[in-house]
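A structural walkthrough
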Amino acid sequence: MPPDEAKTTSHDQRLQQLLQQCPDIASATNELQRLSEYASDSKAHGDSETTPDARLTEYTHRRSQGEPLEYILGRTQWGGLDILCRSGTLIPRSSSEIVASKLARALTQLKNDAVAEPTIPLRIADVGTGTGCASLFLHSVLHPPRSPGHEMQPLEILGGDVSSDCLKLASDNLDHNVRLNLVDASSRTEISFQHLDMLELGEAVHQSDERSSPSAINGSSGKSFEAAGFLRHKWDALISYPPCVPSADFLPGGRVPYTDRAYQPKLAIVPPELADNRMQKLEVDPADVFFYILLQVALKAGIKATVLEVCEGPQATRVRKMAARIMPPDAWIERWRDDTVFSGDGLVESDSVDQNEDAVHGRAVVVWQGDWADWRRRER
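Because the structure is predicted, anything quoted here is derived from the model rather than measured.

Summing up its helical and strand segments, the protein has 17 helices and 10 strands in all. Going through the 380 residues of the protein one by one, you find that 50% of them count as buried. Considering only intrachain contacts with a sequence separation of at least 6, the fraction spanning at least 24 residues in the protein is 71%. Carbon and sulfur atoms provide 49% of the accessible area of the protein, an area that totals close to 18100 Å².

Right, here's the structure in full:
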């Protein structure tokens, strides 16, 4: 067979392999191009004696078996950043980029409108940080690199996660993006990645409310010091995309696709089954348990803007109603979508939307408190 014909046949065979995971020929072609470029990148493969063609064959096979492209390439482009990805950490979603962008715009406007004091550090908590992408993105927008001489508001950003693998990867992503000059070097002192357990946060709230011996949401009475310290800190904003997929959806035949079930960490996708029945008594859907905890944290800590990314429209409706029950009457509650904001706070428009849950493709539920709620109400 002539070399050109053999090359064409190999290309077509690889496309057919990728079509086992890709929805159409265009996406398969795009993935093959990216895999080919990566296989040919001598810098990425160091002293490997394997030929680029052999590497491409291996990568195509792995992708055809369902392994996410981001794990094979070891990175993804997200929010203008080069985010390293590794097995065992959740791959950043494009919807999370939309949510983080909306928050960044709001925080910028708060400063421009002199609602946020420019000389006082803006304190942001990224709970369930994963790769650290949201923390790094918010810093890159609020403190753009290559902007010497511009007066910048001091930042204090915490990326918290229960996984030590995530914390290591988030730290690596900070160093990596600073080296690429995509994130300003000031991030080395303004961002920290630390262990933070959402269940312990919930227990810290419960203990502060009950003033009693720990009953522990997760059945454990230890390690509440970090969580108690978090509640005492003066956070301005909190952003989180917590595990929120119903456990039944993670089973074979459920709505979670095979590639996510087989390769991405269940810990970051499905909330745990709790040892007690407190949430059941409160009529909280098992998939919404972390939203309940984070709303309680926001109330207890007086967080001015709490941004909670959800999995689907009906969940956005449930979480908005939950927020309306938990938060004080002067809070301002919104649901964010890709293209618009539906305001809560008892508005007729929002309530009518809630009645048609399937029509609402919600990305996030957002709660504003204090003077930021007053500002947001004026903005809407």
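Okay, back to it.
Moving on, we come to the packing of helix 6 (residues 94–112) against helix 7 (residues 133–142). One way to put it is that helix 6 packs onto helix 7 with a least axis distance of 10 Å and a crossing angle of 35 degrees. For the crossing formed where helix 6 meets helix 7, the hand is right-handed. Residue-level inspection shows Ala 100, Ser 101, Leu 103, Ala 104, Leu 107 and Thr 108 of helix 6 in contact with helix 7, the latter providing Phe 137, Leu 138, Val 141 and Leu 142. Its residues placed into classes, the contact of helix 6 with helix 7 shows eight nonpolar, two polar and no charged.

Look at any regular strand and the pattern is simple: side chains alternate between the two faces of the sheet. The buried fraction of strand 4 (residues 155–161) is high, at six of seven residues. As judged from the six bridges shared by strand 3 (residues 122–127) and strand 4, these two strands associate in the parallel manner. Its bridge partner being in strand 4, Asp 126 is matched across the sheet by Gly 159. Looking at chain direction, strand 4 and strand 5 (residues 191–195) are connected through five bridges and run parallel. Considered in strand 5, the bridge of Gly 160 is made with Gln 194.

Opposite charge on two side chains lets them pair, provided their charged atoms get close. The tally for this structure, following the rule as stated, stands at 15 salt bridges. The partner of Glu 67 in a salt bridge is Arg 62, and the shortest N-O contact between them spans 2.8 Å. Accessibility expressed as a relative area gives 12% for Glu 67, which makes it buried. Between Glu 156 and Arg 123 there is a salt bridge, with the nearest N and O atoms lying 3.1 Å from each other. On the criterion of sequence distance, the pair formed by Glu 156 in strand 4 and Arg 123 in strand 3 is long-range, its members being 33 residues apart. Connected via shared salt-bridge partners are Glu 58, Arg 62 and Glu 67.

Now for helix 7. In terms of residue burial, helix 7 counts as a mostly covered element, since nine of its 10 residues are buried. Within the sequence span of helix 7, burial applies to Cys 133, Ala 134, Ser 135, Leu 136, Phe 137, Leu 138, His 139, Ser 140 and Leu 142.

A few words now on the state of the cysteines. On inspection of all chains with the given rule, the structure shows one disulfide. Linked covalently through their sulfurs, Cys 244 and Cys 311 form a disulfide whose S-S length is 2.4 Å. Looking down the S-S bond of the Cys 244 and Cys 311 bridge, the torsion is 85 degrees, so its handedness is right-handed. One end of the pair, Cys 244, is in the loop between strand 6 (237–240) and helix 12 (258–263); the other, Cys 311, is in the loop between strand 7 (305–309) and helix 15 (313–326), and 67 residues separate them in sequence. A relative accessible area of 1% means that Cys 244 is categorised as buried. Of all cysteine sulfurs, the one in Cys 85 lies closest to Cys 133, which takes part in no disulfide; the gap is 8.5 Å.

On to the pairing of strand 6. Here strand 6 shows no split at all, with Ala 237 and Ile 239 on one side and Leu 238 and Ser 240 on the other all buried. Of the pairings in the sheet, the one linking strand 3 to strand 6 comprises four bridges and is parallel in character. Paired with Asp 126 across the bridge in strand 6 is Ile 239.

Once that is clear, we can look at the packing of aromatic side chains. With the rule as written, the count across this model stands at four aromatic pairs. Aromatic pair Trp 78 and Phe 137: ring centres 5.9 Å apart, planes at 80 degrees, arrangement edge-to-face. Linking Trp 78 in strand 1 (residues 75–78) with Phe 137 in helix 7, this pair joins segments that are 59 residues apart in sequence. You'll find Trp 78 and Phe 137 in the same group, each marked buried.

Our focus in this paragraph is the packing of helix 2 (residues 25–39) against helix 4 (residues 52–64). At their nearest, the axes of helix 2 and helix 4 sit 9 Å apart, and the two run at 140 degrees to each other. As the angle between them shows, helix 2 and helix 4 are arranged oblique. Considering only the axes of helix 2 and helix 4, their crossing is right-handed. Contacts from Glu 31, Leu 32, Leu 35, Ser 36, Tyr 38 and Ala 39 in helix 2 reach Pro 52, Arg 55, Leu 56, Tyr 59, Thr 60 and Arg 63 in helix 4.

Our focus in this paragraph is helix 8 (residues 164–179). With 16 residues, helix 8 should cover 22 Å at 1.5 Å per step; its first-to-last C-alpha distance of 23 Å lies within 8% of that length. Taken together, the buried positions of helix 8 are Cys 166, Leu 167, Leu 169, Ala 170, Asp 172, Asn 173, Leu 174, His 176, Asn 177 and Val 178. Those residues of helix 8 that are buried are in contact with strand 1, strand 2 (81–84), helix 7, strand 4, helix 9 (187–190) and strand 5. Sitting at the head of helix 8, Ser 163 places a side-chain oxygen 3.3 Å from the backbone nitrogen of Asp 165. At the C-terminal side of helix 8, Asn 181 shows a positive phi close to 65 degrees.

Conventions we followed
- Residues numbered from 1 in each chain as written.
- Predicted model: local features only at pLDDT ≥ 70, side-chain atom pairs only at ≥ 80, totals over all residues.
- Heavy atoms only, no water.
- Helix = DSSP H or I, 4+ residues; strand = E, 2+ residues; numbered from the N terminus.
- Buried < 20%, exposed > 50% of the residue type's maximum accessible area, 1.4 Å probe, protein only.
- Contact = heavy atoms within 4.5 Å.
- Areas by Shrake-Rupley, 256 points an atom, 1.4 Å probe, with all protein chains shown as cover.
- Axes fitted to C-alpha atoms, helices over the stretch in contact; angles between N-to-C directions.
- Left-handed = near helix turned anticlockwise from the far one by under 90°.
- Nonpolar A, V, L, I, M, F, W, Y, C, P; charged D, E, K, R; others polar.
- Pairing = 2+ DSSP bridges.
- Salt bridge = Lys/Arg side-chain N within 4 Å of Asp/Glu carboxyl O.
- Disulfide = S-S within 2.5 Å.
- Phe/Tyr/Trp six-rings, centres within 6.5 Å; stacked < 30°, edge-to-face > 60°.
- Parallel < 35°, antiparallel > 145°, perpendicular 65-115°, else oblique.
- Expected span 1.5 Å × (residues − 1).
- Polar contact = N/O pair within 3.5 Å; in protein donor to acceptor, adjacent residues only side chain to side chain.

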